[in-house]
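Chain residues, written in single-letter form:
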Amino acid sequence: MDFKIAVLSGDGIGPEIIEQAKKVIRAAGKRYNHSFIFTHGLVGAIAIDTTGNPLPEETLDLCKNSDAVLFGAIGDPKYDNNPSAKVRPEQGLLAMRKELGLYANVRPVSTFQSLIDKSPLKKEIVQGVDILMIRELTGGIYFGKPQGRSEDGNTAYDSCVYSKYEVERVVRLACEYAMKRSKKVTVVDKANVLATSRLWRETATAIAKEYSEITMDFMFVDNAAMQLIQWPGRFDVIVTENMFGDILSDEASVLTGSLGLLPSASVGLFTSVFEPIHGSYPQAAGKNIANPLGTILSVAMMFDLAFKLKNEADAIRSAVEKSIEADFVTEDLNRANPRSTSQVGEWIADYILKS
Ligand code: IPM
Ligand code: MN
């Protein structure tokens, strides 16, 4: 079958890691008889520099007409250090989430046995951790209106707004995932303070009734932040609103000690976006040292979710595991004898072809 993939490499190390992901996709295509059509689009700082717009209309159309979007990273220090910049790369990302209806960000966090010593936590605590963090991505305080400043400039405000429908669809997605796992969902909120959180609890409780086999529990976000460090093994599927999810998913991502390794999928109404969870790492751009595994594992999620090609996805994941076992990895995982970004990409592509 032919699949259309929109490729948005973005900024910093984006282009280098995406190149490795493409090698892996081509290898899986060759090995399993699929063909892929890659079309590149601009997003982020590079899009601002070229067109003035962090998410040009053309890129959006490209995404809407594709079976999946492969995304690198966005962000550039020249914008981070300039608070008065009128247009920022991040606006491209937020606009893309809104326009493509990317309502849920799905981030699996699990440990790789051979990397367990890299975790900042004790081995006994991270051993066997396997969490699926689901973050609502198009609502809440990120998008709520009104937002702005008072006329005298001395007061600023953001609004956290959720509709029942927005909560329902993401909680339902969490329950669907949980049905394929251990049938346990933790809803994280701040229902002791926030009205939106009370709507979340009420709505999630009603959805849970549709899934009689699922055990749902509720946890305040401050407690969840603590328990993620103290006893991460207690969690399975976590679902939460946009900003809590932003914070907790970063926290969860370091449990395994290898940020460069974690993939994500943003599930959308029109198409879905697959991207590593790390940023654009501008200090490493062009040096061929960045870890491509998070992007390659995002490709595995793409095969699973967007193309429904489970065997191919498993083959990609096991090739990644083998590269780690063989210690054929970039400098973040092996200081003494590091391989380059492109060497790791080639190793994995070759492994898939030969497997
Ligand atoms: C993320 C990022 C974004 C967010 C920023 C870059 C707008 O931190 O994808 O988690 O806050 O959602
Ligand atoms: Mn974030």
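Our subject in this report is the structure included herewith. Bear in mind the structure is a predicted one, so any value in this text is a computation, not a measurement.

The rules behind the values
- Residues numbered from 1 in each chain as written.
- Chains lettered and ligands numbered in written order.
- Predicted model: local features only at pLDDT ≥ 70, side-chain atom pairs only at ≥ 80, totals over all residues.
- Heavy atoms only, no water.
- Axes fitted to C-alpha atoms, helices over the stretch in contact; angles between N-to-C directions.
- Helix = DSSP H or I, 4+ residues; strand = E, 2+ residues; numbered from the N terminus.
- Parallel < 35°, antiparallel > 145°, perpendicular 65-115°, else oblique.
- Left-handed = near helix turned anticlockwise from the far one by under 90°.
- Contact = heavy atoms within 4.5 Å.
- Nonpolar A, V, L, I, M, F, W, Y, C, P; charged D, E, K, R; others polar.
- Pairing = 2+ DSSP bridges.
- Phe/Tyr/Trp six-rings, centres within 6.5 Å; stacked < 30°, edge-to-face > 60°.
- Buried < 20%, exposed > 50% of the residue type's maximum accessible area, 1.4 Å probe, protein only.
- Near = heavy atom within 4 Å.
- Polar contact = N/O pair within 3.5 Å; in protein donor to acceptor, adjacent residues only side chain to side chain.
- Areas by Shrake-Rupley, 256 points an atom, 1.4 Å probe, with all protein chains shown as cover.

## Notes on the packing of helix α11 (residues 293-305) against helix α12 (residues 310-325)
Describing two packed helices takes the angle between their axes plus the distance from one axis to the other. At a minimum axis separation of 7 Å, α11 and α12 run at an interaxial angle of 160°. Of the possible angle classes, the one that applies to α11 and α12 is roughly antiparallel. Between α11 and α12 lies a crossing whose hand is left-handed. Of the residues in α12, those touching α11 at L293, I296, L297, V299, A300, M301, F303 and D304 are K310, E312, A313, I316, R317, V320, S323 and I324. Looking at side-chain class alone, the contact of α11 with α12 contains 11 nonpolar, one polar and four charged residues.

## Things to note about the pairing of strand β6 (residues 144-149)
The pairing of β6 with strand β7 (residues 156-159) spans three bridges and is antiparallel. Paired with G148 across the strands is Y157, a residue of β7. Connecting β6 to the next strand, β7, in antiparallel fashion are six residues, including G153 with a positive phi near 80°.

## Description of the packing of aromatic side chains
This structure, assessed with the given rule, holds eight aromatic pairs. Measuring from centroid to centroid gives 5.5 Å for F36 and F303, while their planes differ by 50°, and the two rings are tilted. On the criterion of sequence distance, the pair formed by F36 in strand β2 (residues 35-40) and F303 in helix α11 is long-range, its members being 267 residues apart. Judged by its relative accessible area of 14%, F36 falls in the buried class.

## Some remarks on the site of ligand 1
Neighbouring residues of ligand 1: E90, R97, R107, R135, Y142 and D246. R135 has a polar side-chain atom sitting 2.7 Å from an oxygen atom of ligand 1. A distance of 2.5 Å is found between an oxygen atom of ligand 1 and a side-chain nitrogen or oxygen belonging to Y142. When ligand 1 is considered free in solution it has 320 Å² of accessible area, and contact with the protein chains removes 70% of it. Grouping the amino acids of the shell around ligand 1 by side-chain chemistry returns one nonpolar, no polar and five charged.

## Digging into the pairing of strand β5 (residues 130-136)
Most of β5 sits out of view: six of its seven residues are buried. Strand direction decides the pairing type here: strand β4 (residues 104-110) and β5, joined by seven bridges, are antiparallel. Looking at the pairing, P108 lines up with L132 of β5. In the sheet, β5 pairs with strand β10 (residues 237-240) via four bridges, with the strands oriented parallel. When the sheet's bridge partners are listed, M133 is paired in β10 with I238.

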